[in-house]
Amino acid sequence: MAVVIETSAWEPSPSLFVFIFLACLLSVFLLPYAARSAPPPSAFDHGAPLSSSSRFQRSFLLLYSLCSVMEGLSSVFGEFEFSYFGVSRERMVLSLCVGFAGSLVVGSFLGVLSDTIGHRKFCLFFCILHLFVGVWKTITAHPSVWVASICLSLASSIYSFSFETWMVVEHEKQGHREDLLSDTFWLMAFLGSASFIGSQVLANWLIGDNVKKRMTSPSMAAVFLALAGVICVARLWRESSQTDVFEDHGRSYFSDDRRVWLLACAQASLHFSVSMFWILWTPMLVADGRELHLGLIYPCLLGARMLGSTIFPWLISGSLSFRTEDCILYAFIISGCVLSAVAYDYQEIGVLVTLFCLFQACVGVILPSLARLRTMYVPNGLRGGMISFSLAPANAAVLLFLVQGGYYRSISNAAIMAFAAIGLFAAAGCMHVLKRLGKQPYQHLRKL
């Protein structure tokens, strides 16, 4: 008598997708009714007349969504390429190490250069990098891991600071309302996550069932998206060059303004924790050997981040009106507790996915909160450099753990998650100190 071994493929419940979708939908469309007063037209007010500020917001968000699809496509399709071509674990770790090393050595100074020569040019450079890698992958079946990893890592570094800084600079230059700026922050987090999901859908649709013949289709799509991004950036707003900013970096960053240091430390801790999460979430889920539908879990995580970003405007406006420092403080504490629970190396997949979704929801609250605090405390001429400099220690820490955990295997995934949790608790401490620095922290030249 033959023995039949049943294999269970774990996948999220369909009700989870429905819950996230309905929660995001209700949170977005009920927000204007929860405000204390009539809000200004936002990107989702389709019946409102388009003012210059609304046109500016919608044009920027469209461009940002397009570039987010490019960024997500390189991430999702890159992992699929590794598995399709049978790349070894050591080669994958090498690719990650090269990318983070490039971000550490070169990407740390791109923000300063962006503040100096203009952020519009760096947004163009972002599209050009994706265009270069897409054309190369279309022509060459096996492009150099070093060059592709460095180019995409530099593009990710530019994506993390250039679009936000360009938007804030243009916002103040055109004299738009400050409440529109806060709306744009959470909409960037919301649409960025939605675009990452869209990039996964696009890659699956392009490849289809014939993987061998359509393997270059996502690269060709990246080429067309990059060309569209270049055209959109070139036709949008013109930005004046800021040649006098470079001399002020040393005086501003290394003076007695501790608020900038605290925000930089919080940004570095967040970047380290999020980077390690995206590297380790798959190995931790498959640790028990069960088959998983990772393609269904990935949109759940990003959907949770979308839901968290829609919670942010409810917290800072309407009847709640919490201070931004309080919101981000509790979000850091909750996310640190979540990763601490993950560090216990739970093997139950349902528990891990729930914790991962909660962590991403906290990240969805933290991202617009940090952007809002940067607008309050960091001068626009130093914003890009501050963000890129803050990513340097985070990239160095990620590179160290990749070498120790990936090559030498001297540290476990659970221990790395514990360090990520410690970083989030440290970021919460920075926000607590930032809150106590002044009795009236909102007394700033750029009030929000």
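Rules and cut-offs
Residues numbered from 1 in each chain as written. Predicted model: local features only at pLDDT ≥ 70, side-chain atom pairs only at ≥ 80, totals over all residues. Heavy atoms only, no water. Helix = DSSP H or I, 4+ residues; strand = E, 2+ residues; numbered from the N terminus. Buried < 20%, exposed > 50% of the residue type's maximum accessible area, 1.4 Å probe, protein only. Contact = heavy atoms within 4.5 Å. Areas by Shrake-Rupley, 256 points an atom, 1.4 Å probe, with all protein chains shown as cover. Patch = residues over 30% accessible without salt bridge, like charges linked within 9 Å, V, L, I, M, F, W, Y side chains within 5 Å. Salt bridge = Lys/Arg side-chain N within 4 Å of Asp/Glu carboxyl O. 1 Å grid on protein atoms, 1.4 Å probe; cavity = no way out; pocket = protein on both sides within 12 Å on 5 of 7 lines; lining within 4 Å. Points joined across faces, edges and corners; volume = space filled by probe spheres on them. Nonpolar A, V, L, I, M, F, W, Y, C, P; charged D, E, K, R; others polar. pLDDT = per-residue confidence, 0-100. Polar contact = N/O pair within 3.5 Å; in protein donor to acceptor, adjacent residues only side chain to side chain. Core = buried A, V, L, I, M, F, W, Y, C linked by side-chain atoms within 4.5 Å. Phe/Tyr/Trp six-rings, centres within 6.5 Å; stacked < 30°, edge-to-face > 60°. Axes fitted to C-alpha atoms, helices over the stretch in contact; angles between N-to-C directions. Parallel < 35°, antiparallel > 145°, perpendicular 65-115°, else oblique. Left-handed = near helix turned anticlockwise from the far one by under 90°. Expected span 1.5 Å × (residues − 1). Disulfide = S-S within 2.5 Å.

1. So, the overall build of the protein
Piece 1. For the protein, the count of helices and strands is 16 helices and two strands.
Piece 2. Across the 448 residues in the protein, those meeting the buried criterion constitute 53%.
Piece 3. A sequence separation of at least 24 residues applies to 85% of the contacts in the protein between residues at least 6 apart.
Piece 4. Accessible surface, the protein: about 20200 Å² in total, of which carbon and sulfur atoms supply 66%.

2. Section: a nonpolar patch on the surface
Piece 1. Taken together, V18, F21, L22, L25 and F29 make up a surface patch of nonpolar side chains, about 470 Å² in accessible area.
Piece 2. With respect to the secondary-structure elements, F21 resides in helix α1 (residues 14-29).

3. Let's talk about the pattern of salt bridges
Piece 1. In this structure the tally under the stated criterion is four salt bridges.
Piece 2. In this structure, E325 engages R323 in a salt bridge whose closest nitrogen and oxygen atoms are separated by 3.9 Å.
Piece 3. For E325, a relative accessible area of 0% corresponds to the buried category.
Piece 4. Note on R323: relative accessible area 26%, which makes it partly exposed.
Piece 5. Between D326 and K435 there is a salt bridge, and its shortest N-O distance comes to 2.6 Å. In this pair, D326 is assigned in helix α13 (residues 324-342) and K435 in helix α16 (residues 413-436), connecting sequence segments 109 residues apart.
Piece 6. The class for D326 is buried, based on a relative accessible area of 14%.
Piece 7. Three or more residues are tied together by salt bridges with common partners; here these are E164, R374 and R383.

4. What about empty space enclosed by the protein?
Piece 1. In total, this model carries one cavity of 30 Å³ or more according to the counting rule given.
Piece 2. Forming the boundary of the largest cavity are M70, L73, S74, F77, H130, V133, G134, K137, L152, P218, S219 and A222.
Piece 3. At the level of elements, α3 (52-84), α6 (119-139) and α9 (217-235) are the ones that each hand at least two residues to the lining of the largest cavity.
Piece 4. A breakdown of the residues in the lining of the largest cavity according to their chemical character gives seven nonpolar, four polar and one charged.

5. Observations regarding the confidence of the model for the protein
Piece 1. On average, residues of the protein score 83 in pLDDT, and 82% of them reach the 70 mark or higher.
Piece 2. Below pLDDT 50 for its whole length, residues 37-41 participates in nine contacts with residues either more than four positions away or in separate chains.
Piece 3. Scored below 50 in pLDDT, residues 239-251 shows 28 contacts in the model against residues more than four places distant or in partner chains.

6. Looking at the environment of W314
Piece 1. Note that W314 resides in helix α12 (residues 294-316).
Piece 2. The class for W314 is partly exposed, based on a relative accessible area of 27%.
Piece 3. Within the structure, the side chain of W314 is placed 3.0 Å from the backbone oxygen of S27, a separation counted as a polar contact.

7. Digging into the nonpolar core
Piece 1. One finds F126, F163, L263, L285, F332 and M431 to be the most contacted residues of the largest nonpolar core, which totals 125 residues.
Piece 2. F332 has contacts with A266, L270, I366, L424, A427, A428 and M431, leaving out every residue within four places of it along the chain.

8. A few points about the packing of aromatic side chains
Piece 1. With the rule as written, the count across this model stands at 17 aromatic pairs.
Piece 2. Note on F132 and W136: the rings are 5.7 Å apart at their centroids and 45 degrees apart in plane angle, and the pair reads as tilted. You can see F132 and its partner W136 sitting in helix α6, four residues apart, about one turn around the helix.
Piece 3. Judged by its relative accessible area of 41%, F132 is partly exposed.
Piece 4. Here a set of aromatic residues connected by ring pairs shows up, and it is made of F277, W278, W281, Y298, F356 and F359.

9. Thoughts on the packing of helix α11 (residues 258-285) against helix α15 (residues 383-407)
Piece 1. The N-to-C vectors of α11 and α15 enclose an angle of 40 degrees; their axes lie 8 Å apart at closest approach. By the angle class used here, α11 and α15 are oblique. In this structure, the crossing between α11 and α15 has a hand that is right-handed. Counted together, V260, L263, A264, Q267, A268, H271, F272, S275, M276 and I279 of α11 and M386, S390, L391, P393, A394, N395, A397, V398, F401 and L402 of α15 form the full contact between these two elements.
Piece 2. Its residues assigned to classes, the contact of α11 with α15 comprises 15 nonpolar, five polar and no charged.

10. Here we look at α9
Piece 1. Across its 19 residues, α9 extends 27 Å between first and last C-alpha, which sits within 8% of the 27 Å expected from 1.5 Å per residue.
Piece 2. All of the buried residues in α9 are S217, P218, S219, A221, A222, V223, L225, A226, G229 and V233.

11. Here we look at the state of the cysteines
Piece 1. Under the definition given, this model contains zero disulfides.
Piece 2. No disulfide involves C300; its nearest neighbouring cysteine sulfur is the one of C357, lying 5.6 Å away.
Piece 3. With no disulfide of its own, C430 lies 4.7 Å from the sulfur of C265, the closest cysteine sulfur.

12. Description of the packing of helix α8 (residues 178-207) against α9
Piece 1. Across the interface, α8 lies against α9 with an axial gap of 9 Å and an inter-helix angle of 130 degrees. In terms of axis orientation, α8 runs oblique to α9. α8 and α9 meet at a crossing whose hand is right-handed. Between α8 and α9, the residues in contact are L202, L206 and I207 and S217, P218, A221 and L225, respectively.
Piece 2. Here the contact of α8 with α9 is composed, by residue class, of six nonpolar, one polar and no charged.

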